[in-house]
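Overview (structure and organization)
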Amino acid sequence: MTEVFHDVIVVGAGNAAMCAALSARETGASVLVLERAPEEEHGGNSTFTAGGMRFAYSGIDDLRKVMPDLTEEEIARTDFGTYTEDQFFDDMGRITEYRTDPDMAELLITKSLETMVWMRSKGVKFQPIYGRQAFKVGGMFKFWGGMTVESWGGGPGLVAALHARAAQDGIEVRHNARALSLIADDDGVHGVVARIDGRTTELRCASVVLASGGFQANSEWRSRYLGPNWELAKVRGTRFNTGDGIKMAIEAGAMPWGHWSGCHAVGWDRNAPPFGDLAVGDGFQKHSYPFGIMVNANGERFVDEGADFRNYTYAKYGRVILNQPQQFAWQIFDQKVVHLLRDEYRIKQITRAEANSIEELAGKLDGVDAERFIAEVNAYNASIREDAPFNPNVKDGRCTQGLKVNKSNWANTLDQGPFVAFQVTCGVTFTFGGLKVDTDAQVIDTEGDLMPNLFAAGELVGGLFYFNYPGGTGLMAGAVFGRTAGRSAAISALARNKVRVKAS
Ligand SMILES: Cc1cc2nc3c(=O)[nH]c(=O)nc-3n(C[C@H](O)[C@H](O)[C@H](O)COP(=O)(O)OP(=O)(O)OC[C@H]3O[C@@H](n4cnc5c(N)ncnc54)[C@H](O)[C@@H]3O)c2cc1C
């Protein structure tokens, strides 16, 4: 079969890829999307998300541009605050230990609101994340942590909306189509070799956008680049992101870039399956630890659970849990805070213990030194400064004093049974190392030169995240860089086509 020539081939069919495809199409290019997964598993990690998006907004007028359906009643009972570009810059700097690439961060931040409005124009709907990012105090919801909006229907809703628009715009998506290598020579990239429904096929095009995710689902690469024991982590999302796009680009001369030994990893149910389960989505995560304590197999606390709002700590605590003996922890809460626990604590597929006293609970925490656990809780309860009132909406400064590992905020005594406990291990979300791109999302080679006709977006781009990650930035970065990559790829393809037509 002779394959039709496309202006742009996009590798992957998650958020970054579909934003790239839609953007290339609106710029006038013909587009083919190659998706490794079968249709029922398409959309990559993006499908597994809750759809939380971090973007800069100056107040309710900006939010209305993204959520025109906001009601007056919602506005009246909510303090949405602001999340300015400066705050976003501060967060990207602080959270990445000031290693984030400033040019990439600037593109992400300054284009974030505009890209949200663009996504909305493509049929993606958004709503406030009540419950997860705002608690009701004194009759008012107050948002915190810079993440205020999620897509309708979470990740599945986001991916469905992007694919629906792609179909409407005449973009073909091939499933069971695994890109294997780039067709490249001294003049740049001219296509992709892919295995489609088991057949190896050469697909020629003018530009390629790689958006096939990180290497988190490749256990051999995880242990090679992230380090010892990372092969033992569970993968939170898709099984298809095994680093193919990164490998293909590096083989063609691209520069590896970013934090190759870094990744996003969280506390994840100890007995979750090895890869994500779409029926559960992100429900295996356990992110309410700021309101309780976490102990390891020795019965000891090992991390400041209240160091910051959870969306500034959750992405680095997976690694901390992986480094504990036997790679697990138990999260413990008492009745004072149970009503604050996120929905994911009420799913059926959960590793949970409950008891009326701490002593009884100690006997139920699988793998934990019971005596040391009881001593740890007693020491913790005795160390809390009661002078600051507990308030989940602000960093309340209610801390412990004098412990080896202190808790900085939201420290409450564990004294009102029944006590509940949840066992977690490390769940890896996505890897931080990848390819180097410029602010047109064009891939840069090992000589520091632009690689003709090759663009990249999403998880497989390195340079934005180091050590940690502010929640909601993955989808936003994928959308901003995806949209940019699609436009750049289309412009480059259309210019080359003109030259080709003239020459023929
Ligand atoms: C459980 C969970 C919850 C999350 N929650 C959030 C959240 O609320 N907000 C947020 O911002 N981020 C969240 N993230 C992170 C977010 O999912 C990613 O940052 C983002 O989706 C990455 O988008 P992407 O398009 O780069 O990759 P993906 O969405 O993973 O897409 C990669 C695509 O490439 C395809 N592919 C892989 N290899 C090949 C190949 N060789 N050929 C063809 N196709 C290939 C895959 O099948 C997939 O379609 C979450 C992640 C997980 C796992």
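Since we're looking at a predicted model, the values are computed, not measured.

Considering helix α8 (residues 154-168)
Counted at 1.5 Å a residue, the expected span for α8 with its 15 residues is 21 Å, and the 21 Å between its end C-alpha atoms agrees. Listed in full, the buried residues belonging to α8 are G154, G155, L158, V159, A161, L162, H163 and A166. Phi turns positive one or two residues past the end of α8, at G170, with a value near 80 degrees.

Notes on the nonpolar core
Judged by nonpolar contacts, the single largest core of 139 residues is most densely connected at L108 and L210. If you tally residues by element for this core, the top one is helix α14 (residues 473-503), at 10 residues. Lining this core are residues from two domains, each supplying at least three of them: domain 1 (6-262 + 432-503) and domain 2 (264-427). Discounting chain neighbours no more than four positions away, the residues touching L108 are F88, M92, L464, T473, M476, A477, V480 and F481. Counting residues in each nonpolar core, the second largest holds 21 residues, with L361, V368, A411 and L414 among its members.

Re the site of the ligand
Around the ligand sit 39 residues in total, of which E35, N45, S46, N241 and L475 are the nearest. For the ligand, an oxygen atom lies 3.4 Å from a polar atom in the backbone of N15. Contact distances for the ligand include 3.3 Å between an oxygen atom and a backbone N or O atom of G474. Secondary-structure elements contributing two or more residues to the shell around the ligand are α1 (15-26), α2 (44-48), β10 (177-185), β19 (419-431) and α14. A per-element tally of the shell around the ligand places α2 first, with four residues.

Here's the deal with unusual backbone geometry
For the peptide bond that leads from G417 to P418, omega is -10 degrees, which places it in the cis range. Although it is not a glycine, N229 sits at a positive phi angle of roughly 75 degrees. Looking at the secondary structure, you find N229 in the loop between α9 (219-226) and β13 (234-235). Its identity as a non-glycine residue notwithstanding, Q326 has a phi of 60 degrees, on the positive side. Here Q326 falls in the partly exposed class, since its relative accessible area comes to 49%.

Here's the deal with the domain arrangement of the protein chain
Splitting the protein chain by domain gives domain 1 (6-262 + 432-503) and domain 2 (264-427). On a C-alpha basis, the centres of domain 1 and domain 2 stand 32 Å from each other. Facing 42 residues of domain 1, the contacting portion of domain 2 comprises 40 residues. Across the domain 1/domain 2 interface, buried area totals approximately 3200 Å², and carbon plus sulfur atoms make up 56% of it. Looking only at domain 1, the three residues that lose the most surface to domain 2 are R132, K234 and R236, adding up to 26% of its buried area. The interface formed by domain 1 and domain 2 includes one salt bridge. Ionic pairing is found between D308 and R94, a salt bridge with its closest N-O pair at 3.0 Å. Here domain 1 is connected to domain 2 by 13 residue pairs in polar contact (both at pLDDT 80 or more).

A look at the sheet that holds strand β6 (residues 134-137)
Pairing is mixed across the open sheet formed by three strands, whose spatial order is β4-β7-β6. The sheet is open, and its two edges are formed by β4 (78-79) and β6, each paired on a single side. The sheet contact formed by β4 and strand β7 (residues 140-143) spans two bridges and is parallel. Considered in β7, the bridge of T78 is made with F141.

Definitions and limits used
Residues numbered from 1 in each chain as written. Predicted model: local features only at pLDDT ≥ 70, side-chain atom pairs only at ≥ 80, totals over all residues. Heavy atoms only, no water. Helix = DSSP H or I, 4+ residues; strand = E, 2+ residues; numbered from the N terminus. Expected span 1.5 Å × (residues − 1). Buried < 20%, exposed > 50% of the residue type's maximum accessible area, 1.4 Å probe, protein only. Core = buried A, V, L, I, M, F, W, Y, C linked by side-chain atoms within 4.5 Å. Domains from an automatic or database assignment. Contact = heavy atoms within 4.5 Å. Near = heavy atom within 4 Å. Polar contact = N/O pair within 3.5 Å; in protein donor to acceptor, adjacent residues only side chain to side chain. Buried area = accessible area lost by both parts, 1.4 Å probe. Salt bridge = Lys/Arg side-chain N within 4 Å of Asp/Glu carboxyl O. Pairing = 2+ DSSP bridges.

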